[in-house]
Amino acid sequence: MELVSEEYFMGEALRQARKAYAAEEVPIGAVIVREGTIIARAWNQVELLKDATAHAEMLAITQAEAEVGDWRLTDCDLYVTKEPCPMCAGAIVHARLRRVIFGCGDAKGGAAGGLINLLQMPQLNHRSEITPGILADACAAILKDFFSARRNP
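Rules used throughout
- Residues numbered from 1 in each chain as written.
- Predicted model: local features only at pLDDT ≥ 70, side-chain atom pairs only at ≥ 80, totals over all residues.
- Heavy atoms only, no water.
- Helix = DSSP H or I, 4+ residues; strand = E, 2+ residues; numbered from the N terminus.
- Contact = heavy atoms within 4.5 Å.
- Disulfide = S-S within 2.5 Å.
- Buried < 20%, exposed > 50% of the residue type's maximum accessible area, 1.4 Å probe, protein only.
- Pairing = 2+ DSSP bridges.
- Axes fitted to C-alpha atoms, helices over the stretch in contact; angles between N-to-C directions.
- Phe/Tyr/Trp six-rings, centres within 6.5 Å; stacked < 30°, edge-to-face > 60°.

> What should I look at first to understand the environment of I134 in this one?
You can see I134 is positioned in the loop between β5 (129-131) and α5 (136-151). Remark: the alpha-carbon pair of I134 and K144, spanning 10 residues in sequence, is separated by 17 Å. When residues no more than four places from it in sequence are discounted, the contact partners of I134 are E6, E7, M10, I101, F102, G103 and C139.

> In this structure, what is going on with the state of the cysteines? I would like to understand it.
Each disulfide consists of one covalent bond between the sulfur atoms belonging to two cysteines. Taken as a whole, this structure holds zero disulfides when the rule is applied. The cysteine C85 is free of any disulfide, with C88 supplying the nearest cysteine sulfur at 3.7 Å. We classify C85 as buried; its relative accessible area is 19%.

> Looking at this structure, how should I read the sheet that holds strand β4 (residues 99-104)?
By definition, the strands of a sheet pair up through backbone hydrogen bonds, in either a parallel or an antiparallel sense. The five strands are arranged β2-β1-β3-β4-β5 in an open sheet whose pairing can be described as mixed. In the strand order of this sheet, the two ends are held by β2 (37-43) and β5, each with one partner. For this sheet, the mean inter-axis angle between neighbouring strands, taken without regard to orientation, is 20 degrees. Strands in contact with helix α1 (residues 6-22) are β1 (29-34), β2, β3 (76-82), β4 and β5; relative to β1, the strand with the most contacts, it is inclined by about 145 degrees.

> In this structure, what is going on with the packing of aromatic side chains? I would like to understand it.
Each aromatic ring pair is summarised here by two numbers: the centre-to-centre distance and the angle between the ring planes. Counted by the stated rule, this structure contains four aromatic pairs. With centroids separated by 5.2 Å and ring planes inclined at 45 degrees, the aromatic side chains of F9 and Y79 adopt a geometry described as tilted. One end of the pair, F9, is in helix α1; the other, Y79, is in strand β3, and 70 residues separate them in sequence. In this structure, F9 and Y79 share a single accessibility class: buried.

Right, dumping it as structure tokens:
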């Protein structure tokens, strides 16, 4: 029996998303896993840091690079609650993450197959394996709840 599963790691990313929600940030969370161990955890902090690049994925990549001691994350997997945007997908390719596992897709702005697929673009120097739809309903629900509450205070 596998004690640590994709659902477990996505659950940890959802814990990070709940931190973002509590801080009134768009509730997206991410964790990076290396050899079965979480080496980075982050949540969206765009408003808190007044930084358009402070997406959960970007912050997690920076933490993981510091933990590994290299900018190459070739043996690491990213779990994120929502399909990465083009900015984050670009960083994922540059950091050479092995795999991206996400919860809910983003047909309007996703860059892992929703709108475009930067993660597997043959012209780029690296391609990440993609696994969509892990705990998709829970990942979508927290976003829907957040935006519904913002529209109807």
